[in-house]
Amino acid sequence: MVNFESLFKGVYKDKKVILTGHTGFKGSWLALWLHQMGAKVYGFSLENKDEINHISLLNLNIEEKIADIRDVNVLLDYFEEVQPDIVFHLAAQALVRPSYDDPIETFSTNVMGTLNVYEACRKTPSVKAIVNVTSDKCYENKEWEWGYRENEAMGGYDPYSASKGCSELLTSSYRNSYFNNNDFGTKHDVLLASGRAGNVIGGGDWAVDRLIPDIVKATAIKEAVLIRNPKATRPWQHVLEPLSGYLTLGYKLLQKEVSVADGWNFGPDIHSNLQVGDIVKLSHEYWKDIQIEISKNTDEHHEANLLMLDCAKANKTLKWKAVWGIDKTIDKTL
């Protein structure tokens, strides 16, 4: 039996944590983990309006504010009320294809929403640590055969990817301007880090336009799943993997480890960098009813074909690494 309160040396027990995006896929899992470790979790997010959603099924006894991070006044008031010790910022418009349909919502949520969170942190004296969660898609994708390192250029072809690149630039700006590592302990007491994760799968994800949920939804009603880009390569990992990375960052920031206030990649080992088609084939090994159909639509929006992360920095410096291989990840998910 795991003693959750002893994880990360018990640093999260009784800590006040504001978690934005707690009603989402990753956010709900992080809310659960923090809650089990004895943290006082305060969620701030839009309502999850799906008939079935993970946060409702968890039925956690946590405080929450159902609101939009773009509403800066509501956000400021909530921070003033809660006086959190640490902030995990996960609220986002998190999908590539919808970002083409509504770029204004994507940029306003992912950039201005992040700006509002940082301003709330800056104006709340209790805040000591901030972890901003972005994406592997924040990098300028050159479609090369090796993983992107944390010092690579930010970029983004589609609105979603560009918004995450902007979020990282905003993070760097606030770290330099207000939470400068060289001034920690003298001019301020806040450390700011960002986590960039690859494609995340796992139970509790009912979002549209995601591979595993699409496979499950189609197979459950005995239909073939439509696959858009079977040769696209991504770093696939179970949702608990990057969350352990974010929690490691938070732990070290709360321990005042200044060098950790930086950008970090959290992805699987090289064997889990697989094509979409390979993921479908592996899934079929665990669920024989799965059938696929390749999309013949030539008007699909651009999506990256090759994207991988180099996680050597996190492996060496944070002593973090992915625990489950791709087979166990798919098995646990399905």
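A brief report on the enclosed structure follows. Just so you know, these numbers come straight off a predicted model, no measurement behind them.

The geometry of two aromatic rings is summed up by the distance between their centres and the angle between their planes. On inspection of all chains with the given rule, the structure shows 13 aromatic pairs. Taken together, a centroid distance of 6.4 Å and an interplanar angle of 50 degrees make the contact between Phe8 and Trp33 tilted. A residue pair is termed long-range when its members are at least 10 positions apart, and Phe8 in the segment before β1 (16-20) and Trp33 in helix α1 (residues 25-36) qualify at 25 residues. Residue Phe8 is classed as buried on the basis of its relative accessible area of 18%. Members of the aromatic cluster, joined through ring pairs, are Phe8, Tyr12, Trp33, Phe88 and Tyr251. The ring of Tyr178 carries the charged tip of Arg122 above its face, separated from the ring centre by 4.4 Å. Its guanidinium or amino end placed over the ring of Trp264, Lys313 lies 4.3 Å from that ring's centre, counting from NZ or CZ.

To continue, consider the sheet that holds strand β11 (residues 273-275). Within the open sheet, the three strands sit side by side as β7-β9-β11. Their pairing is mixed. A single partner strand is all that each edge strand has here, and the edge strands are β7 (199-201) and β11. The sheet shows a mean angle of 50 degrees between the axes of neighbouring strands, taken without regard to direction. As paired elements, β7 and strand β9 (residues 233-238) share three bridges and run parallel to each other. For Ile201, the partnering residue across the bridge sits in β9 and is His238. Helix-sheet contacts for helix α8 (residues 240-254) involve β7 and β9, and the interaxial angle to β9 is about 75 degrees.

Looking now at the pattern of salt bridges. The full count for this structure, using the stated rule, is 13 salt bridges. With its nearest N and O atoms 2.8 Å apart, the salt bridge here joins Glu168 to Arg196. Taken together, the residues span a long stretch of sequence, with Glu168 in helix α6 (residues 159-177) and Arg196 in strand β6 (residues 191-197) at a distance of 28 residues. For the pair Glu168 and Arg196, one class covers both residues: buried. Salt bridges here are not isolated pairs; linked through shared partners, they connect Arg97, Asp209 and Arg228.

Turning our attention to the packing of helix α3 (residues 72-82) against helix α5 (residues 103-122). Put simply, α3 and α5 touch, their axes get as near as 9 Å, and they point 35 degrees apart. Read as a crossing pair, α3 and α5 show a hand that is right-handed. Across from Val72, Leu75, Leu76 and Phe79 in α3, the residues of α5 making contact are Asn116, Val117, Glu119, Ala120 and Cys121. The residue makeup of the contact of α3 with α5, split by class, is seven nonpolar, one polar and one charged.

So, on to the pairing of strand β2 (residues 40-45). In terms of burial, β2 is largely enclosed, as five of its six residues are buried. Sheet analysis places β1 next to β2, joined by five bridges and oriented parallel. Counterpart to Leu19 in the pairing with β2 is Gly43. Following the chain from β1 across α1 to the adjacent parallel β2, one finds a crossover that is right-handed.

Looking now at a nonpolar patch on the surface. A contiguous nonpolar surface patch, about 300 Å² in accessible area, is contributed by Ile52, Leu57 and Trp206. When you line up the elements, Leu57 lands in helix α2 (residues 54-58). Taking relative accessible area as the criterion, Leu57 reaches 59% and is therefore assigned exposed.

How each quantity is defined
- Residues numbered from 1 in each chain as written.
- Predicted model: local features only at pLDDT ≥ 70, side-chain atom pairs only at ≥ 80, totals over all residues.
- Heavy atoms only, no water.
- Phe/Tyr/Trp six-rings, centres within 6.5 Å; stacked < 30°, edge-to-face > 60°.
- Helix = DSSP H or I, 4+ residues; strand = E, 2+ residues; numbered from the N terminus.
- Buried < 20%, exposed > 50% of the residue type's maximum accessible area, 1.4 Å probe, protein only.
- Lys NZ or Arg CZ within 6 Å of the ring centre and 35° of its normal.
- Pairing = 2+ DSSP bridges.
- Axes fitted to C-alpha atoms, helices over the stretch in contact; angles between N-to-C directions.
- Contact = heavy atoms within 4.5 Å.
- Salt bridge = Lys/Arg side-chain N within 4 Å of Asp/Glu carboxyl O.
- Left-handed = near helix turned anticlockwise from the far one by under 90°.
- Nonpolar A, V, L, I, M, F, W, Y, C, P; charged D, E, K, R; others polar.
- Right-handed = clockwise from strand over helix to strand, strands pointing away.
- Patch = residues over 30% accessible without salt bridge, like charges linked within 9 Å, V, L, I, M, F, W, Y side chains within 5 Å.
- Areas by Shrake-Rupley, 256 points an atom, 1.4 Å probe, with all protein chains shown as cover.

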